[in-house]
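# Working through the structure, step by step
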Amino acid sequence: MVEQEELLLQFLAAKDAAEAQSLDKPMLELTLEKVSAFIESFLNAPLSPLTPTDSIFFPDTQSIPSSPTNPLPLLNPTIANINNDPTAQHARMPPCNNTTAPKWDESCPRELPQYFKELEYLFADCGITDDTQKKEYASQYVSYNTAETWLGLPEFGDNIGNNAPQPYTYQKWKLAVLRLYPGTDASTCYNLGDLERLVNQTFNSSLATLGRFSDYYRDFQHIARWLLANSKLYCNEECHLFQQGIPTSLWSKIVCCLKITLPDHHPEDPYNVDQVFEGAKWVLKGTDTSTTKTSNGISGIPLSLPITNAPAAPLPTLK
């Protein structure tokens, strides 16, 4: 490397002398050949830390220290604290007017258990375990009058005044709230009168489209399945009640269709609900399939007994 440095210095000195004193051309060409050989050897040499030769071309460059093995510090140290703190990962309860807040329509007491179920999912996500906090949050998403009623229950307190003080838990308070609304009791969710009212209401309405008939089928099954599961309805009663909700003109067409599709059906056995629905889909094929339900199947015509599909009375003759 020392010889290369000397050649480079000679080249620079020769160049200056040629410019100043018009050096002979053969001598300048010889010097250029040596310099070219030096540059080629320099480019082909392996990379290495900076040397004194390099400092000739890069006088301002200093040796670069090797990078440390330690990782760089985080820009925001609080991120590490959040990731390591399990309590910081919990979500927050939404405000009462937020779109994600649980809601309960107070005109439908039957939906109150679902409201509490949604609340308990939020309690688990937000890490809320204190019973008093649960009671307060449950009362936050209802109307002011309802919240006053719920917060005024004895089960909302701590039960310290009794001889054997034992704090009222959130579950005990929730049961006290549910007792205020008889429709929330799972054991009395439906009764036979609910199914009969649905049948009467449907018979007096129009089942001219497949969409409307599908509404009737779903509402009927919703109530009848619960009654069957709780031994409050028999299978034959279910079949007869479903048929009684179908207008006479439509029922006669469905029977004609079922006689063709079910030729081995015994005439003394009633068609079950699913068979009747399949026949109605065939008869009403091509009609509007959009739903037009305006009732929940519970509050309808206040009749207590089912009606029979009697033939329509003849129109009076004009005089």
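Cut-offs and rules
Residues numbered from 1 in each chain as written. Predicted model: local features only at pLDDT ≥ 70, side-chain atom pairs only at ≥ 80, totals over all residues. Heavy atoms only, no water. Helix = DSSP H or I, 4+ residues; strand = E, 2+ residues; numbered from the N terminus. Contact = heavy atoms within 4.5 Å. Areas by Shrake-Rupley, 256 points an atom, 1.4 Å probe, with all protein chains shown as cover. Phe/Tyr/Trp six-rings, centres within 6.5 Å; stacked < 30°, edge-to-face > 60°. Buried < 20%, exposed > 50% of the residue type's maximum accessible area, 1.4 Å probe, protein only. Lys NZ or Arg CZ within 6 Å of the ring centre and 35° of its normal. Axes fitted to C-alpha atoms, helices over the stretch in contact; angles between N-to-C directions. Parallel < 35°, antiparallel > 145°, perpendicular 65-115°, else oblique. Left-handed = near helix turned anticlockwise from the far one by under 90°. Nonpolar A, V, L, I, M, F, W, Y, C, P; charged D, E, K, R; others polar. Salt bridge = Lys/Arg side-chain N within 4 Å of Asp/Glu carboxyl O.

## Details of the overall build of the protein
If you tally the helices and strands in the protein, you get 13 helices and 0 strands. For the protein, the α and β elements follow one another from N to C terminus as α-α-α-α-α-α-α-α-α-α-α-α-α. Put simply, of all contacts in the protein between residues at least 6 apart along the chain, 67% involve residues at least 24 apart. Here the protein has roughly 21,900 Å² of accessible surface; of this, 57% comes from carbon and sulfur atoms.

## Comments concerning the packing of aromatic side chains
Taken as a whole and assessed by the stated rule, the structure comprises 19 aromatic pairs. Centre to centre, the rings of Trp 104 and Tyr 181 are 5.3 Å apart; their planes meet at 80°, and the pair counts as edge-to-face. Within this pair, whereas Trp 104 is found in the loop between α4 (77-84) and α5 (112-126), its partner Tyr 181 is found in the loop between α8 (170-179) and α9 (192-203), the two being separated by 77 residues in sequence. The two residues Trp 104 and Tyr 181 agree in class, both being buried. Summarising the aromatic geometry, the rings of Phe 123 and Tyr 170 are spaced 5.9 Å apart at their centres and angled 85° between planes, so their arrangement reads as edge-to-face. Pair noted here: Phe 123 is in helix α5 and Tyr 170 is in helix α8, with a separation of 47 residues, a long-range link. Across the pair, Tyr 170 and Phe 123 agree in class, each one buried. Among the aromatic side chains, those forming a connected cluster through ring pairs are Trp 104, Tyr 115, Phe 116, Phe 123, Trp 150, Phe 156, Tyr 170, Trp 173 and Tyr 181. Looking at Lys 135, its charged tip hangs above the ring of Phe 156, at a distance of 5.8 Å from the centre.

## Considerations on the packing of helix α10 (residues 210-229) against helix α11 (residues 235-244)
Running from N to C, α10 and α11 cross one another at 160°; their axes reach a closest spacing of 11 Å. One element, α10, and the other, α11, form an angle in the roughly antiparallel class. As α10 packs across α11, the resulting crossing turns out to be right-handed. For the pair formed by α10 and α11, the contact residues are Phe 213, Tyr 216, Tyr 217, Phe 220, Gln 221, Ala 224 and Leu 228 on the first element and Cys 235, Glu 238, Leu 241 and Phe 242 on the second. The class makeup of the residues in the contact of α10 with α11 is 9 nonpolar, 1 polar and 1 charged.

## Re the pattern of salt bridges
Overall, the coordinates contain 5 salt bridges when judged by the stated rule. A salt bridge links Glu 120 to Lys 174, with the nearest nitrogen and oxygen atoms 2.9 Å apart. Remark: Lys 174 occurs in helix α8 and Glu 120 occurs in helix α5; sequence separation between them is 54 residues. The exposure class assigned to Lys 174 is buried, which follows from its relative accessible area of 14%. A salt bridge links Arg 197 to Asp 194; the shortest N-O distance between them is 2.4 Å. Of the two residues, Arg 197 and Asp 194 are both situated in helix α9; the distance of 3 residues between them amounts to about one turn of the helix.

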